[in-house]
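A closer look at the structure
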Amino acid sequence: MTVRTVPTFTGEVTAEQLGTTLIHEHVFVMSPELDVNMPHPEWDEEHAIERAIAGFERLYALGVRTVVDLTVLGHGRDVERVRRVAERVPVQLVAATGFYTSDVLPHHFQLNGPGRLVDGPDPLIDLFIGDIERGIAGTTIRAGMLKVASEAHGITPDVNRVFEAAAIAHIQTGAPVTTHSHAASHGGLEQQDLLERLGVGLDRVVIGHSGDTGDLDYLREVAARGSYLGFDRFGMDHMGSDEVRVRTLLALIEEGLTSQLVLSHDAAFFSRMTPPSWRAINAPNWHMEQISRSILPRLVAEGVDAATIHQLMVENPRRVLCGE
Ligand SMILES: [Zn+2]
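Residues numbered from 1 in each chain as written. Predicted model: local features only at pLDDT ≥ 70, side-chain atom pairs only at ≥ 80, totals over all residues. Heavy atoms only, no water.

For the protein, the name recorded in an unreviewed UniProt entry is Phosphotriesterase-related protein, with Homoserinimonas hongtaonis as its organism. For the protein, the Sequence similarities (unreviewed entry) comment in UniProt is given as "Belongs to the metallo-dependent hydrolases superfamily. Phosphotriesterase family." (UniProt positions renumbered as here; feature names shortened; annotations may be inferred.)

Spelled out as structure tokens, the structure:
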């Protein structure tokens, strides 16, 4: 299915308007229940918003035009807060829907759904489709991507439920699916098995965090089934070195897989899990400028031509978001 326009926080944009796109980022990763009851000492909403605005202005100056905010439920999505940033920056922000859990859903979902105590349709399906077709949380901000997650322990019953709901929403709306995968245990393959069984075309799927491994055999196997490989954690030194990511990326480009590679950082302007003071010491390169400032120049120095860079940063994310 081809999507003609992509929804952003500030309106629809055409495929041509997407430009250089970071496909897997976060603006603010929160935890609303904790934020109410044990506020993080480093969180200051006004300061965080100003920090994000300044960051997106720098990104725009570096040529980035679109950033997908994959913060969904489970990561404290609050589109009204992000809208305050989006309205003041030239970079186009795209919202997402889905549920970030690699084990269990909140208790609400144990008691509500088909065959549950409060019997009825799965509220996840209505949530995902509503977010894509009508707007998120009573706003007119629509989601442009679906996000699902699994970890080393595989597809738990609740993770399976999230994948099922996402597949139904994908089939009804055409919104692309992106995953959080555990590359070290080759988790992308079981995600592909499940999504394929649920009727999702694997060429509409990004297997996220694929760049966490340098195992080329595994990456070739995922790519051979048609999905995109997310090299989406540049700068995240605690999950692997950029040196390995670059070398792995170069090998895949060399093998002709350029059209299935997408680059991003999985960075955030604030995350209470890894707050700014921690990041400043432990992950100083983990920010949304690392690809523009460090990785792309490195690829060019290794002989990657401008057309290939354009494919990685513009054409591939556009194909992910809009279909063929
Ligand atoms: Zn992420």
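**Let's talk about the environment of Leu-105**
Residue placement: Leu-105 occurs in the loop between β6 (92–98) and α4 (107–111). Along the chain, Leu-105 and Asp-158 lie 53 residues apart, while their C-alpha atoms are 6.0 Å from each other. Not counting residues within four places of it along the chain, the set of residues in contact with Leu-105 comprises Phe-99, Gln-110, Leu-124, Asp-158, Arg-161 and Val-162. (Helix = DSSP H or I, 4+ residues; strand = E, 2+ residues; numbered from the N terminus. Contact = heavy atoms within 4.5 Å.)

**Looking at the coordination of the zinc ion**
Bound to the zinc ion are the protein donor atoms His-24 (NE2), His-26 (NE2) and Asp-266 (OD), situated 2.1 to 2.2 Å from the metal. Along the chain, the residues that donate to the zinc ion are spaced as H-x1-H-x239-D. (Donors = N, O, S within 2.8 Å, 3.2 Å for Na, K, Ca; no water.)

**Quick notes on the UniProt feature "modified residue: N6-carboxylysine" (unreviewed entry) in the protein**
With numbering matched to this structure, UniProt assigns "modified residue: N6-carboxylysine" (unreviewed entry) to Lys-147. Within the secondary structure layout, Lys-147 lies in strand β9 (residues 143–149). A distance of 3.4 Å separates a polar side-chain atom of Lys-147 from the backbone oxygen of Leu-70. (Polar contact = N/O pair within 3.5 Å; in protein donor to acceptor, adjacent residues only side chain to side chain.)

**Concerning helix α2 (residues 45–61)**
The first and last C-alpha atoms of α2 sit 24 Å apart over 17 residues, in line with the 24 Å expected at 1.5 Å per residue. Ala-48, Ile-49, Ala-52, Ile-53, Gly-55, Phe-56 and Leu-59 are the residues of α2 that are buried. Along the axis of α2, the buried positions cluster into a sector of 165 degrees, meaning they face one direction only. Its buried side turned inward, α2 meets β3 (20–25), β4 (28–29), β5 (64–69), α3 (79–86) and β6. The positive-phi residue at the C-terminal boundary of α2 is Gly-63, with phi of around 105 degrees. (Expected span 1.5 Å × (residues − 1). Buried < 20%, exposed > 50% of the residue type's maximum accessible area, 1.4 Å probe, protein only. Arc of directions from axis to C-beta.)

**Digging into the pattern of salt bridges**
Evaluated as defined, the whole model comprises 23 salt bridges. Notably, a salt bridge pairs Arg-84 with Glu-46, separated by 2.8 Å at the nearest N-O pair. In this pair, Arg-84 sits in helix α3 while Glu-46 sits in helix α2, placing the two residues 38 residues apart along the sequence. Since its relative accessible area comes to 43%, Glu-46 is described here as partly exposed. A salt bridge links Arg-81 to Asp-78; the shortest N-O distance between them is 3.9 Å. The exposure class assigned to Arg-81 is buried, which follows from its relative accessible area of 15%. One continuous salt-bridge network, built from bridges that share partners, spans Glu-45, Glu-46, Asp-78, Arg-81 and Arg-84. (Salt bridge = Lys/Arg side-chain N within 4 Å of Asp/Glu carboxyl O.)

**Looking at the pairing of strand β2 (residues 11–14)**
Working note: regular strand, side chains alternate between the two faces of the sheet. Summarising the sheet, strand β1 (residues 5–8) and β2 pair through four bridges and their orientation is antiparallel. Looking at the pairing, Val-6 lines up with Val-13 of β2. Between β1 and β2, which follow one another and run antiparallel, lie two residues. (Pairing = 2+ DSSP bridges.)

**Here we look at the UniProt feature "binding site: Zn(2+) 1" (unreviewed entry) in the protein**
Mapped onto this structure's residue numbering, the UniProt feature "binding site: Zn(2+) 1" (unreviewed entry) falls at His-24, His-26, Lys-147 and Asp-266. The greatest C-alpha distance among the residues just named is 13.0 Å, despite their covering 243 residues of sequence, which places them together in space. Relative to the elements of secondary structure, His-26 occurs in the loop between β3 and β4. Other than its neighbours up to four places away in sequence, His-26 contacts Asp-69, Leu-70, Thr-71, His-75, Lys-147, Asp-266, Ala-267, Ala-268, Phe-269 and Met-288. Discounting chain neighbours no more than four positions away, the residues touching Asp-266 are His-24, Glu-25, His-26, His-209, Asp-232, Arg-233 and Trp-286.

**Notes on the sheet that holds β6**
The sheet built from eight strands is open, its strands ordered β3-β5-β6-β9-β10-β11-β12-β13 with parallel pairing. Two strands bound the open sheet, and with one partner strand each, they are β3 and β13 (261–263). Between one strand axis and the next, the sheet turns by 30 degrees as a mean value, whatever way the strands run. Against the sheet, helix α8 (residues 216–224) contacts β11 (205–207) and β12 (228–231), and its axis sits at roughly 135 degrees relative to β12. (Axes fitted to C-alpha atoms, helices over the stretch in contact; angles between N-to-C directions.)

**A closer look at unusual backbone geometry**
Of note, the phi angle at His-186 is positive, near 60 degrees, even though the residue is not glycine. Mapped onto the elements, His-186 comes out in the loop between β10 (177–180) and α7 (187–197). A positive phi is found at His-209, a non-glycine position, where the angle reads about 65 degrees. For His-209, the position within the fold is in the loop between β11 and α8.

**Considering the packing of aromatic side chains**
For the coordinates displayed, the defined rule picks out four aromatic pairs. Taking the centre distance of 4.9 Å and the plane angle of 65 degrees together, the rings of Phe-56 and Phe-269 count as edge-to-face. Here Phe-269 lies in the loop between β13 and β14 (270–271) and Phe-56 lies in helix α2, a separation of 213 residues in the sequence. For the pair shown, Phe-56 and Phe-269 are each scored as buried. Here the aromatic residues Phe-28, Trp-43 and Phe-270 are joined through ring pairs into a cluster of three or more. One Lys or Arg, Arg-65, reaches over the ring of Tyr-60 and ends 3.7 Å from the middle of that ring. Over the aromatic face of Trp-286 sits the side chain of Arg-279, whose NZ or CZ is 3.8 Å from the ring centroid. (Phe/Tyr/Trp six-rings, centres within 6.5 Å; stacked < 30°, edge-to-face > 60°. Lys NZ or Arg CZ within 6 Å of the ring centre and 35° of its normal.)

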